[in-house]
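# Overview (structure and organization)
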Amino acid sequence: MFDPLLKHTRNLSRALVWIGGVLIIGSALLVTLEVFLRKLFNVSIGGADEISGYAFGVATALGFSYALFERAHIRVDALFPFFPGWLRIAANFLGLILLVGFAFIVAMMAWSLVADTLEHGSRSITPLRTPLWIPQIPWLFGWLLFVVSGVLIGLAALWKVVKGDTAGANRLIGVKSVEEQIEDEAV
């Protein structure tokens, strides 16, 4: 039922994480160029730090959804293997609800920030005078996709539990097993 929607959302998040990677590499190259120009010619292209800050913020937000699909967000799970099955799935749902709930709060605050930026035509207080909507809109999109992905994954996991497939639900929202991590490394 949820598989096609999850597949498309996962593919979108994978494409966006690549875009985020390109932003990070591009900003690293820009900062490197800036350092060399300053060292060798005592000139600055200006704004490299500002642009790299925007790139980092956008790239991070664009990567949240992909990390959720890959179950790569950090969790403290030292006692998790000792939980009975019902408590594991309950803890997984609680963890997902808290994570997505937090992301929802941040996304709503980001939405408000972007609305204010657009309403007032806000610009950075740097020599570049960057219109702030330029980095804020893709940043907001990353947070919104994270929330939507989390809700979809949660609903799909809940559907699997209702159908009696707790193992399938754990593969969607649970901690990766050592075997799964080894398989990921082999690929």
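What counts and what doesn't
Residues numbered from 1 in each chain as written. Predicted model: local features only at pLDDT ≥ 70, side-chain atom pairs only at ≥ 80, totals over all residues. Heavy atoms only, no water. pLDDT = per-residue confidence, 0-100. Helix = DSSP H or I, 4+ residues; strand = E, 2+ residues; numbered from the N terminus. Salt bridge = Lys/Arg side-chain N within 4 Å of Asp/Glu carboxyl O. Buried < 20%, exposed > 50% of the residue type's maximum accessible area, 1.4 Å probe, protein only. Axes fitted to C-alpha atoms, helices over the stretch in contact; angles between N-to-C directions. Left-handed = near helix turned anticlockwise from the far one by under 90°. Contact = heavy atoms within 4.5 Å. Nonpolar A, V, L, I, M, F, W, Y, C, P; charged D, E, K, R; others polar. Core = buried A, V, L, I, M, F, W, Y, C linked by side-chain atoms within 4.5 Å.

Residue-level pLDDT values for the protein average 93, and 99% of them are 70 or greater. Ranking the elements of the protein by mean pLDDT puts helix 6 (residues 178–186) last with 76 and helix 4 (residues 133–162) first with 97.

Counting across every chain of the model gives 3 salt bridges. Ionic pairing is found between arginine 10 and glutamate 70, a salt bridge with its closest N-O pair at 2.4 Å. Taken together, the residues span a long stretch of sequence, with arginine 10 in helix 1 (residues 3–41) and glutamate 70 in the loop between helix 2 (48–69) and helix 3 (85–120) at a distance of 60 residues. Exposure remark for glutamate 70: the relative accessible area of 19% places this residue in the buried category. The partner of lysine 176 in a salt bridge is glutamate 70, and the shortest N-O contact between them spans 3.7 Å.

Okay, the packing of helix 3 against helix 5 (residues 166–173) next. Remark: helix 3 packs on helix 5, axes separated minimally by 10 Å, with the N-to-C direction vectors making an angle of 35°. Two packed elements cross with a definite hand, and for helix 3 against helix 5 that hand is left-handed. From helix 3, Ile89, Asn92, Phe93 and Leu96 reach across to helix 5, where they touch Thr166, Ala169, Asn170 and Ile173. Taken together, the residues that form the contact of helix 3 with helix 5 break down as 5 nonpolar, 3 polar and no charged.

Take the nonpolar core next. Judged by nonpolar contacts, the single largest core of 22 residues is most densely connected at Leu6, Trp143, Phe146, Ile153 and Ile173. Put simply, the parts of the chain that give this core at least two residues each are helix 2, helix 3, helix 4 and helix 5. Contact partners of phenylalanine 146, with chain neighbours within four places excluded, come to Phe64, Ser65, Leu68, His73, Leu99 and Ala103.

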